[in-house]
Amino acid sequence: MNKAIQQSPKAGKAMQQFFAIIACSSLIFLGGKSWAQETHSFSFLNLDQEFGKPANSYLFSLNPALYHLSFTENFSYYSISANDKLNEFRREYDPKSEQNYDFLFKNYYVLNSKASFAASVAYQRDNKTGMARSLEKDFYEHYFAFTDTTRGDTKYEGPQLWFLYDRQLGKHLGFGIETDYKIERGLKDVYTRCETIVRDASLRTGLACYTKDHKTVVGLYGEYGSVQSKYEAVKELQDAIVKTFFGYHVFRTENPRSSNNKTDYTNRYSASAQLEKKDLFTPGLDLQIAFLASGRESTVEVGSTTTPQDRGYWVRNTNGIHSALSFYPQGKSYGLQLSHKLALLEDWARSGSYDILIIERDATSNNFGLSFFKSWSQKLSLQTGVSMEQITGNYAEYVIPFEYEEDRLNWGAFVEMEARINPILNLQFGASFAQQNPYFYWNTEQFSNAALYLGFDRLTEWGTLGVGLQYACWSPKDGDQNIQQAGLSIFYRR
Amino acid sequence: MVSKKQILWLSLLGILCLQNSCFQSKPTELDSSMSATLFVVFEDQSIPNVAVRLRTDDYGISSYEDSTDLDGMVVFVGLPWASFQVNVKSEVVLPSPIDPSKYDTLQVFGTKIIAPDEDGSIVDTIRTIASGTQPGLKINELYTAGPPNNFFYFYDLYFELYNSSNDTLFLDGMIMCRMGTYLANVTYIFQFPGEPLGGREYPVAPGQFIVVALDAYDHTQVIPASVDLTGADFEFRNSADYGDWDNPDVPNLENLKVGNHLDFLCGLTGDVIILADGSDLNYLDGVDINSVVDCVEYSSSATHIKEIESSLDRGFGGVGQSKYSSNSLERIAPGFDTNNSTLDFEIISYPTPGYQHE
């Protein structure tokens, strides 16, 4: 899978510079996984990403103008995955178990030397079983969440379409446009039989300037997204009794009605600038930096469809810098990458009735990652790494005062191996371990997370067929109950 | 000459400025900063040491309670910004207006809805009235929501009347009506037995409760969580409704409306009920406003548009009441009446036929 790497005469000197940077940076930055429910994402599962290689320009920056620089050959793949998650340990509004099924078809065509086109169609189905009262797909992602009084099963499903077109406007200028459209419908199987419809559309346009050899790239993109989420809880003999939460502790019992509705109107804006420099001091040493500024606003209305009432307005601003320094010397069978993510998050929410601040959150996340790649005679490849993240911040609810001082440290380590059994058969193995200090609503001090991946891919006369099995377990520090997830993924790529 | 680096930083600055200009401005005031200064008075005299309770439907939070100081003032600070209903319910000892050397003990009640102004402070006066003010026959409780069930059973509805005067009053020939929009529109009209105005056969003693049932039947035989109304004082009866239950031991209110084949059915969580003296029985042109003894409008919806004339009921009670929940609507104290059902009534979790809830 990995191409032969050529020897570089400057590699030794560059390695010294590289380790000096790592040593300095390690003193400053910490990083890791942000949320307790995350686990290491094994690179075998990312079909856009080549094993053992650093993220290409597009995957790093998400600038559509850089797509043709990142993918030079046509490809298409189908992917099906199924995951079953058992939440023995769960929060108050989490489901007992979840089953997720995803289908994805993606195709990429290089139209000519100046233009390329990519498209994907996805279909997702998420079953949430034994979900206690939450009418939201994820209660904890919302400051104005909607609940009812029953425990039931909710099924969410819907298609997602994605298109990308990019074109070179000159020798040194590229333009790209990317659009994403998703519809999801959810239905709860017991009273209040809440029906959820989410429409999520976004448009991203980007520009990129690059040198003729593509070793220096400067890019910019802007994105606008619009999400409309509608919830309708209906009566069944008894009126629909629902609550609207303001944060995680205070709620309002809405007037019982034959139909109680909630609508979230969300606008997202984001802009990003990227800088990429290849062969910075020596061949193989690449620097990637991306600046991101994004914001989203949501207006929440609850009530009947004819006379909805304003329940609140909230804003999330996220600013960040993502940088990565990679050293994959030509002619060598190893590579290193140091990455850092700085994210500054600011949330605030206003009451729907008065111009008053009811929720506020500020958080700073510093995530530092280090990975190492080594290949032996192209028969065995290994990638390993560590990451650490320090999150500090403050969350406050003001209706009934509640304050949470956030100071969390997460770390993780992983190892991934790929063995070439013969020219057409590869075996893959991955393992990861992490310790995470979760957010206060998990009601535990620490999670230990272990994950395993086992898979293979085989080249056939039609393309490559791959199968993978994944297992992950989250164990809280206190208590016997845990969270387990098992998954199967199958892909076909050509 | 502007360098590429400068262009990059200027772009970033522009992005950050753009980000903040897209959204509404962040409020500067934090919640839980509201204060309420309330003065409690009875007949223009401050009342010290009286418990004052604030309750809100805006949030599912417990009520706030404090007592007035020697000047009759109570100050609540650190309240969430919300609309509150103030309730004062206390016993006060005051010099007797007849013999100032003696003291009278009075039950006083006061209620008012308060909401913050722009700066989050409230200064208001709660005027209390003594129990027995505006005395007379009152519709004291309306149980219309029905018991918990899954087959639309709501036939255990009843109305409770209360005599808040010091005199014995008589129900002879009085009428109870379910109203449409305004007094001109009568949906149902049922009449107590006896001669209107002059009859003396159906007395109501001072402080007595009267239960008027849809059907004087033991509804617990149908639904255990319902109520036994076999002891009701009256029941509605429509002889044109052949299936209408008639308890022979309970006197009937008979239907007066020609062509009505239904019993006295009304909205589970929204309607208008009046009690009138029976001097105007010509329902085709509505009910004479001067004959109305009491009127109650109720609705579970806070955004409900009022239906009856404000001179009869300035508000409506029952906001938040749920169908088939056993909820009932009762005055906050027996016969308490300010002609504003929003303030006079509260939702109780279970019906209390013939007695007042705690």
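Analysis parameters
Residues numbered from 1 in each chain as written. Chains lettered and ligands numbered in written order. Predicted model: local features only at pLDDT ≥ 70, side-chain atom pairs only at ≥ 80, totals over all residues. Heavy atoms only, no water. Helix = DSSP H or I, 4+ residues; strand = E, 2+ residues; numbered from the N terminus. Rg over C-alpha atoms; globule rule 2.2 N^0.38 Å. Buried < 20%, exposed > 50% of the residue type's maximum accessible area, 1.4 Å probe, protein only. Contact = heavy atoms within 4.5 Å. Areas by Shrake-Rupley, 256 points an atom, 1.4 Å probe, with all protein chains shown as cover. Lys, Arg positive; Asp, Glu negative; His and termini not counted. Charge placed at Lys NZ, Arg CZ, Asp CG, Glu CD. Buried area = accessible area lost by both parts, 1.4 Å probe. Salt bridge = Lys/Arg side-chain N within 4 Å of Asp/Glu carboxyl O. Polar contact = N/O pair within 3.5 Å; in protein donor to acceptor, adjacent residues only side chain to side chain. Nonpolar A, V, L, I, M, F, W, Y, C, P; charged D, E, K, R; others polar.

**Observations concerning the overall build of chain A**
And step 1. On a plain count of helices and strands, chain A comes out with three helices and 20 strands.
And step 2. In terms of overall dimensions, chain A is globule-like: its C-alpha atoms have a radius of gyration of 24 Å, near the 23 Å expected for 494 residues.
And step 3. Projected onto the principal axes, the alpha-carbon positions of chain A cover approximately 75 × 50 × 50 Å.
And step 4. Burial analysis of chain A (494 residues in total) assigns 52% to the buried set.
And step 5. Contacts in chain A between residues at least 24 apart in sequence constitute 65% of all its contacts with a sequence separation of at least 6.
And step 6. Just so you have it, chain A exposes about 21600 Å², and 57% of that area is on carbon and sulfur atoms.
And step 7. Each charge class in chain A can be summarised by its mean position, and for the 51 positive and 55 negative side chains these summaries are 7 Å apart.

**Side note on the interface of chain A and chain B**
And step 1. Listed per partner, the contact involves 43 residues of chain A and 44 residues of chain B.
And step 2. Across the interface of chain A and chain B, roughly 3600 Å² is buried in total on both sides, 63% from carbon and sulfur atoms.
And step 3. If you sort the residues of chain A by the area they bury against chain B, A:L237, A:Y354 and A:I356 come out on top, with a joint share of 19%.
And step 4. In this assembly, chain A and chain B are joined by four salt bridges.
And step 5. A:E360 is paired through a salt bridge with B:K26; the nearest N and O atoms lie 2.7 Å apart.
And step 6. The tally of links from chain A across to chain B stands at ten residue pairs in polar contact (both at pLDDT 80 or more).
And step 7. Elements represented by at least two residues in the side of chain A that touches chain B include exactly β9 (250–253), β10 (259–277), β11 (285–303), β12 (308–327), β13 (334–351) and β14 (357–376) of chain A.
And step 8. Grouping the constituent residues of the side of chain A that touches chain B by class yields 23 nonpolar, ten polar and ten charged.

**Considering the pattern of salt bridges**
And step 1. Tallied over the full model, the rule gives 37 salt bridges over all chains.
And step 2. Of the charged contacts in the structure, one is a salt bridge between A:K262 and A:D264, with a shortest N-O distance of 3.5 Å. Like A:D264, A:K262 is buried.
And step 3. Put simply, B:D44 and B:R127 hold a salt bridge, and the shortest N to O gap is 3.2 Å. Placement of the pair is B:D44 in the loop between β1 (34–42) and β2 (45–46) and B:R127 in strand β8 (residues 121–130), with a sequence separation of 83 residues.

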